[in-house]
Amino acid sequence: MQTFHHIIGLRKALEQHRQQGHTIGFVPTMGNLHRAHLALVEQAKSLCDVVVSSIFVNRLQFGLNEDWDKYPRTLKEDTQKLKSVGCDYLFCPDEHEVYPNGMDQQARVIVPSMADVLCGASRPGHFEGVTTVVTKLFNIVQPHKAIFGIKDYQQLAIIRRMVEDLCIPVEIVAGDIVREADGLAMSSRNGFILPAERVHANQLNKSLNWIAEQLIAGASDFYALEQTARQQIEEAGFKVDYLTICESASLLPAASDDSQMTILGAMYTQGARLIDNVSVELG
Ligand code: PAF
């Protein structure tokens with residue numbers, strides 16, 4: 001695996017592949033890699049001739065009170081892990097390489113409405129930071145396919161919309177959620193869960209699954225389902241940020257005749273904010 005810190009070197013290397021007609025797969029990350037990231041790289045490898053991954057802890061998508069400075073930087077371990085799954089190129093730029101004119105002056109990419117709900121409501125500006133950096137990374141790498149985990153469902157839906165609205169010639173591919181044995185979705189932030197709360201940290205997943213079962217069994221009072229699930233999570237000792245049954249593509253609150261629904265939730269443990277989602281197809 002070759003590592004590049006600068007755009008120019010990466011572009012040169014990828015140009016040779018393009019000339020040979022190779023397809024390029026891309027897995028953008030913020031590092032601190034775990035099994036779910038590596039599964040995305042493996043998926044990219046199965047779909048494309050060449051795989052590029054990036055590691056960049058993008059300050060533009062962190063709020064002022066968020067954990068940008070304590071976000072784990074584990075480049076050495078990450079590099080080994082990427083090598084072990086056969087990643088071909090790693091791009092890990094510094095902030096000046098990505099934002100040469102500073103973040104305040106940076107042109108932004110905004111996906112209206114979808115970015116202001118759910119996680120966007122409690123993390124203002126977060127998705128603008130994501131869509132801006134992902135657009136830049138797409139322009140740098142110019143991949144044929146880019147793989148994003150379904151765990152960050154809202155991010156995936158917003159990036160799909162962005163690519164469609166801006167005619168960006170990249171196919172967005174979804175990567176399955178990878179879970180711990182008890183159902184907790186793997187996340188770089190799981191390391192912040194306190195040992196004492198870990199045993200119940202799968203409650204979000206349990207409650208989302210419970211709603212999914214009720215929907216499949218024909219329940220149609222969405223508000224009541226959401227309220228009961230919130231109560232289950234609070235009884236397990238956590239604070240709910242949001243828990244909503246949405247129409248899968250638009251992320252609007254689901255209507256009773258929708259056939260594709262996704263139940264999305266976020267909760268706070270003492271040490272971490274966790275998100276998860278479960279999708280159901282009805283009728
Ligand atoms: O999902 C992430 O790790 C980040 O939001 C991404 C897509 C790499 C953009 O910084």
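In short, a report on the structure. (Residues numbered from 1 in each chain as written. Predicted model: local features only at pLDDT ≥ 70, side-chain atom pairs only at ≥ 80, totals over all residues. Heavy atoms only, no water.)

1. So, the site of the ligand
Moving on, step 1. Every residue lining the ligand is accounted for by Pro28, Thr29, Met30, Gln61, Val130, Val133, Val134, Phe148 and Gln155.
Moving on, step 2. At 2.6 Å from an oxygen atom of the ligand is found a side-chain nitrogen or oxygen belonging to Gln61.
Moving on, step 3. Between the ligand and Gln155, the relevant distance is 2.7 Å, taken from an oxygen atom to a side-chain nitrogen or oxygen of the residue.
Moving on, step 4. The protein chains hide 89% of the 290 Å² of surface that the ligand would expose on its own.
Moving on, step 5. Its residues assigned to classes, the shell around the ligand shows six nonpolar, three polar and no charged. (Near = heavy atom within 4 Å. Polar contact = N/O pair within 3.5 Å; in protein donor to acceptor, adjacent residues only side chain to side chain. Areas by Shrake-Rupley, 256 points an atom, 1.4 Å probe, with all protein chains shown as cover. Nonpolar A, V, L, I, M, F, W, Y, C, P; charged D, E, K, R; others polar.)

2. Quick look at the nonpolar core
Moving on, step 1. Core analysis: the largest hydrophobic core is formed by 48 residues, its most contacted members being Leu10, Phe138 and Ile172.
Moving on, step 2. Tallying contributions element by element places helix α6 (residues 126-141) first for this core, with eight residues.
Moving on, step 3. Discounting chain neighbours no more than four positions away, the residues touching Leu10 are Phe4, Val52, Tyr89, Phe91, Ile140 and Val141.
Moving on, step 4. With 25 residues, the next largest nonpolar core counts Ile193, Phe222, Val240 and Met267 among its residues. (Core = buried A, V, L, I, M, F, W, Y, C linked by side-chain atoms within 4.5 Å. Buried < 20%, exposed > 50% of the residue type's maximum accessible area, 1.4 Å probe, protein only. Helix = DSSP H or I, 4+ residues; strand = E, 2+ residues; numbered from the N terminus. Contact = heavy atoms within 4.5 Å.)

3. A few points about the sheet that holds strand β5 (residues 145-149)
Moving on, step 1. The strand order β1-β4-β3-β2-β5-β6 describes an open sheet built from six strands, whose pairing is parallel. What marks the edges here is a single partner per strand, and that holds for β1 (2-4) and β6 (171-175). Strand-to-strand twist in this sheet, taken as the mean axis angle between neighbours without regard to direction, amounts to 25°.
Moving on, step 2. Of the pairings in the sheet, the one linking strand β2 (residues 24-29) to β5 comprises two bridges and is parallel in character. The residue of β5 that forms the bridge with Phe26 is Ala146.
Moving on, step 3. Lying over the sheet, helix α3 (residues 75-84) contacts β3 (50-55) and β4 (89-91), oriented at roughly 165° with respect to β3.
Moving on, step 4. Along the sheet, α6 makes contact with β2, β3, β4, β5 and β6, crossing β2 at roughly 145°. (Pairing = 2+ DSSP bridges. Axes fitted to C-alpha atoms, helices over the stretch in contact; angles between N-to-C directions.)

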